[in-house]
Amino acid sequence: MKYTRKLNYKWLLLFLFCYISNAEAAEVLRFDSRWKFYLGDKGQEAIQPGYNDSDWRALDLPHDWSIEGAYEQTANGTDWQSGFLPAGIGWYRKTFSYDPDWNGKKVRIQFDGIYLNSEVWINGHSLGKRPNGYIGFEYDLTPYLKTGDNCIAVKVDQSKPLTGRWYTGSGIYRHVYLHVSSPVHIGYSGVYFNVDTFLPDKAVCSVDVSIVNPAEEMVQVVSCLLDKSGQTVARSSGTGNVVSGDKVEMEVVYPERWSPDNPFVYTLVCQLKKGETVVDEVRQPVGFRSLAFSPEFGFKLNGKVVKLKGVCDHHTAGAVGAAVPEDVLYYRLKLLKEMGCNAIRTAHNPFSPEFYTMCDTMGLMVLNEGLDGWNTPKAADDYGNYFEEWWEKDMTAFIKRDRNHPSVIMWSIGNEVYKSSAEIQCNLVNLFHSLDTRPVTQGGADPTRGMSVDYKKNFGSLDIVGFNGNGEEVGEFEKFRKNFPSVCAVATEVPHTYQTRGVYRTKTQWRRRDFPAPWEQGDPVKWDQFEKRVYPIPDLTDEEFFPEEAANPYYQSSYDNASVRISIRKSWQRTCSFPWLMGEFRWGSFDYLGEAAWPQRCGNFGIIDVAAMPKDAYFLYQSLWSDKPMVHLLPHWTHTRKEGQIVPVVVYTNCDSVELLLNGVSLGTQPYEGEQLVWKVPYKAGKIEARAKMGHEIVVTDLQQTASSPYTVAFSANKSVLRAGTGDVARLELGVVDKDGVLCPYASEELSFELEGSVRLLGVDNGDPVDMFPYKQPRCRTFRGKCVLLLQATDTPGTAVITVWSDKLKEKKITLDIK
């Protein structure tokens with residue numbers, strides 16, 4: 001059947017899955033359901049249609065088999081970089097019936113992502129191999145299809161598991177589509193939309209359509225732009241025969257301009273016609289916006305200077321691994337948007353097609369990164385082993401797939417590239433320039449990994465120089481500006497700070513001094529040498545208020561005082577002080593699996609934890625990046641046996657001033673002048689409240705309250721109604737509370753979940769970086785009082801009842817409606 005899912009997001013237009021066609025002779029089928037899977041190497045017999053796969057596991061795609069496994073320090077063959085979860089070899093098979101309507105048509109299969117080293121067969125015939133795990137591709141099935149049953153077989157070879165410097169996932173982890181069209185059709189990623197000219201009253205755009213036309217038939221190429229109401233605002237047509245239609249131009253009078261504040265997108269419709277018959281059609285979102293990059297003003301969007309308030313993000317999502325449902329992805333992007341974030345760097349690989357469309361329609365700019373390293377492997381088995389043979393084909397596919405998205409504002413060709421070659425950099429830049437007009441940058445050097453910071457040698461071919469760890473060091477931006485005043489620059493990975501949700505220390509922590517990273521073990525550069533390169537972060541107290549937290553060295557403080565070289569506040573102050581610097585992309589957005597030494601499953605780089613629960617740093621960024629009035633105070637206010645001790649109370653706000661009250665008694669008012677506000681308060685149980693004012697009016701408040709003994713579980717759900725058969729996901733955030741509903745911030749309770757009705761367990765998580773539990777089990781221990789339960793609708797409408805229970809707590813029942 002055709003995939004015609006109607007999305008419930010108000011912000012998302014019907015073209016989210018922009019490959020779906022309305023042409024009579026063309027259709028696109030979602031090809032995710034009813035696959036068979038086997039973990040292990042079955043050998044070549046598994047490619048044959050008659051092979052007996054009855055004992056294989058039945059599942060729907062997308063699928064990541066690694067996230068279903070158990071953490072093991074050595075047995076899995078992975079390491080601290082790739083995350084201690086099983087890799088190996090996996091096989092997928094799907095049997096489907098030939099449709100007589102396909103007679104005389106072209107049938108193609110499209111994979112949006114297989115990690116990694118995939119090989120695909122149809123009815124025993126090899127269609128090809130693809131080593132890159134992040135690039136989408138398609139194969140022509142037509143010559144090998146037969147009447148009756150047909151069988152697709154896919155081998156995914158992760159037998160050499162050291163393929164990434166982060167958790168990558170394994171399997172067919174993105175969507176699969178079947179394209180059925182006329183033999184003459186629009187090629188894969190075959191439409192190029194470009195805004196050539198902006199005038200005060202109109203814009204001129206061009207559309208170039210690549211045609212697959214084996215019989216060299218003459219066809220008409222029709223392109224039109226639709227606004228949000230479906231009205232045609234521009235239309236052009238041309239003719240074509242072999243590989244391309246005529247490049248056509250369209251004028252749009254007073255086009256609505258795309259920006260993060262106004263993510264207005266048009267629908268570009270490209271059709272191939274024989275006479276009056278439409279034989280193929282592609283629809284996709286496009287937008288109008290002007291980009292300008294300068295070593296004087298930094299970055300302008302639509303003629304206005306904009307600072308990039310960016311984050312670096314990995315493609316995985318905690319408990320679901322690499323197979324990220326759209327609901328989960330949207331929730332994560334919405335969190336970032338509400339924080340004030342306006343840009344995302346895809347670290348360090350192409351993301352799913354859905355990601356870019358969501359960024360288009362939500363208003364998030366994208367620094368689109370295609371590669372981590374080049375021809376020298378950074379992890380033993382990574383893409384560097386295949387770079388020489390595949391880079392040009394893979395990067396061409398990457399650019400053509402994403403270049404029509406208005407959210408994409410620049411490209412990146414690499415990240416902290418080891419043994420970088422000026423020749424390779426030049427070749428990559430030239431390829432990107434030949435296929436698109438946007439500038440090219442590259443993630444900069446990281447001196448803690450022994451990388452050279454030689455701008456002329458290592459960044460000479462770039463349009464924009466990118467700064468990673470080197471941009472955090474004392475005087476580095478100033479030195480660059482003095483030596484290269486005519487070069488554009490952006491902080492591609494600045495700053496690097498650490499936090500563990502709900503954990504606090506009042507004494508400053510530095511990574512190299514207090515919790516060195518694996519790559520810093522044995523580094524001859526000692527702290528007394530390194531200290532002069534960092535920006536000081538004063539201790540909040542002379543004596544540690546939270547000495548009990550020192551028992552776990554893998555947890556870092558949720559004050560802004562655990563870092564590599566610079567605090568969040570100092571970094572943003574410096575970014576804003578340099579007009580020529582376009583902005584910054586902090587590392588990172590969410591905690592991510594991998595890049596953490598045993599017994600950690602993830603590091604604490606994120607401002608949101610691995611379970612997608614915000615840390616205090618999230619609210620610090622909100623105070624710096626968002627215009628919506630806000631206030632947030634920390635730490636929590638449950639400090640047993642510490643009566644009378646001085647605790648630093650920190651407040652983040654973007655309002656004019658904040659008054660702090662303890663048990664209704666004012667502790668004074670402080671004006672906000674771009675820095676955090678700090679009160680030194682003798683601890684007393686009760687309620688502590690921050691009242692933020694604009695002028696003399698209280699506009700927003702925040703409250704922390706002392707908790708008594710754990711009593712039951714409270715919950716919040718991002719949705720209570722799901723649609724059957726759509727893959728909809730409900731996210732339940734559970735908190736252990738006392739009898740008054742106050743969160744117990746130290747609660748570590750084993751919660752069990754019983755599911756009845758039309759939902760299945762997608763995953764559980766608690767955000768604890770050292771809790772290595774199975775994500776698919778119906779139980780989870782709370783960390784700092786909280787955990788998260790992800791539930792996915794099945795195909796059957798009805799009611800779902802989730803019972804949450806614990807030996808020590810009052811039982812809780814939660815109901816979801818499956819329509």
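Residues numbered from 1 in each chain as written. Predicted model: local features only at pLDDT ≥ 70, side-chain atom pairs only at ≥ 80, totals over all residues. Heavy atoms only, no water.

As a further point, take the overall build of the protein chain. Helix and strand counts for the protein chain stand at 10 helices and 46 strands. In summary, the protein chain has a C-alpha radius of gyration of 27 Å against a globular reference of 28 Å for 819 residues, a match within 12%. Overall, the protein chain is about 85 × 65 × 55 Å in size when its C-alpha atoms are taken along their principal axes. Within the protein chain, the fraction of its 819 residues that count as buried is 63%. Excluding contacts between residues fewer than 6 apart, the proportion of contacts in the protein chain whose partners are at least 24 apart in sequence is 72%. Accessible surface for the protein chain amounts to roughly 30,300 Å². Of this, 49% is attributable to carbon and sulfur atoms. (Helix = DSSP H or I, 4+ residues; strand = E, 2+ residues; numbered from the N terminus. Rg over C-alpha atoms; globule rule 2.2 N^0.38 Å. Buried < 20%, exposed > 50% of the residue type's maximum accessible area, 1.4 Å probe, protein only. Contact = heavy atoms within 4.5 Å. Areas by Shrake-Rupley, 256 points an atom, 1.4 Å probe, with all protein chains shown as cover.)

We now examine the UniProt feature "domain: Glycoside hydrolase family 2 catalytic" (unreviewed entry) in the protein chain. Per the UniProt record, the feature "domain: Glycoside hydrolase family 2 catalytic" (unreviewed entry) sits at residues 299-445. Summarising residues 299-445: 37% helix, 22% strand, and an end-to-end C-alpha distance of 22 Å. (UniProt positions renumbered as here; feature names shortened; annotations may be inferred.)

What follows concerns the sheet that holds strand S42 (residues 759-765). With antiparallel pairing, four strands are arranged side by side in an open sheet as S38-S40-S44-S42. Of all strands in the sheet, those bounded by a partner on one side alone are strand S38 (712-717) and S42. The sheet shows a mean angle of 30° between the axes of neighbouring strands, direction not considered. Strand direction decides the pairing type here: strand S40 (residues 729-737) and strand S44 (residues 786-793), joined by seven bridges, are antiparallel. Looking at S44, one finds that Leu734 is bridged to Cys787. (Pairing = 2+ DSSP bridges. Axes fitted to C-alpha atoms, helices over the stretch in contact; angles between N-to-C directions.)

In this structure, Ser229 sits in the loop between strand S13 (219-226) and strand S14 (232-240). With relative accessibility at 56%, the residue Ser229 sits in the exposed group. Residues Ser229 and Pro353, 124 residues apart in the sequence, show an inter-C-alpha distance of 24 Å. A polar atom in the side chain of Ser229 sits 2.7 Å from the side chain of Asp227. (Polar contact = N/O pair within 3.5 Å; in protein donor to acceptor, adjacent residues only side chain to side chain.)

Among the nonpolar cores identified, the biggest contains 99 residues, and Leu333, Met339, Phe355, Leu428, Phe432, Val651 and Leu660 are the most heavily contacted of them. Excluding its chain neighbours within four sequence positions, the residues that come into contact with Phe432 are Met395, Phe398, Ile399, Trp411, Ile413 and Val440. Formed by 39 residues, the second largest nonpolar core is a distinct cluster that contains Ala730, Cys744, Ile802 and Leu816. (Core = buried A, V, L, I, M, F, W, Y, C linked by side-chain atoms within 4.5 Å.)

Topologically, Ser571 is positioned in helix H9 (residues 568-577). The buried category is assigned to Ser571, whose relative accessible area is 3%. Within the local environment of Ser571, its side chain forms a polar contact with the side chain of Glu584, the two groups lying 3.1 Å apart. Look past the residues within four positions of Ser571 in its chain and what remains in contact with it is Val494, Pro495, Ile566 and Glu584.

A word on the side chain of Asp32. Tracing the backbone through its elements, the reader meets Asp32 in the loop between strand S1 (27-30) and strand S2 (35-39). Of the polar contacts made by the side chain of Asp32, one reaches the side chain of His175; its length is 2.6 Å. For Asp32, the side chain forms a polar contact with the main-chain nitrogen of Val176, separated by 2.9 Å.

Take the sheet that holds strand S20 (residues 304-305) next. Adjacent strands of a sheet pair through backbone hydrogen bonds, lying either parallel or antiparallel. Read from one edge to the other, the open sheet built from three strands follows the order S18-S19-S20, with strand pairing classed as antiparallel. In the strand order of this sheet, the two ends are held by strand S18 (291-294) and S20, each with one partner. Relative to S20, strand S19 (residues 298-301) runs antiparallel, the two sharing two bridges. Note on S20: the bridge partner recorded for Lys300 is Val305.

Attention now moves to the domain arrangement of the protein chain. Assigned domains within the protein chain: domain 1 (27-181), domain 2 (185-286), domain 3 (306-496 + 566-604), domain 4 (498-564), domain 5 (631-635 + 639-705) and domain 6 (710-818). Centre-to-centre, using C-alpha coordinates, domain 2 lies 54 Å away from domain 4. (Domains from an automatic or database assignment.)

Moving on: empty space enclosed by the protein. Scanning the model with the defined rule gives 10 cavities of 30 Å³ or more in all. There is about 260 Å³ of room inside the second largest cavity. Lining the second largest cavity are 25 residues, with Tyr134, Thr163, Asp372, Asp382 and Tyr383 sitting closest to its centre. Here the lining of the second largest cavity is built from residues that sort into 11 nonpolar, 10 polar and four charged. Residues from two domains meet in the lining of the second largest cavity; each of domain 1 (27-181) and domain 3 (306-496 + 566-604) gives at least three. (1 Å grid on protein atoms, 1.4 Å probe; cavity = no way out; pocket = protein on both sides within 12 Å on 5 of 7 lines; lining within 4 Å. Points joined across faces, edges and corners; volume = space filled by probe spheres on them. Nonpolar A, V, L, I, M, F, W, Y, C, P; charged D, E, K, R; others polar.)

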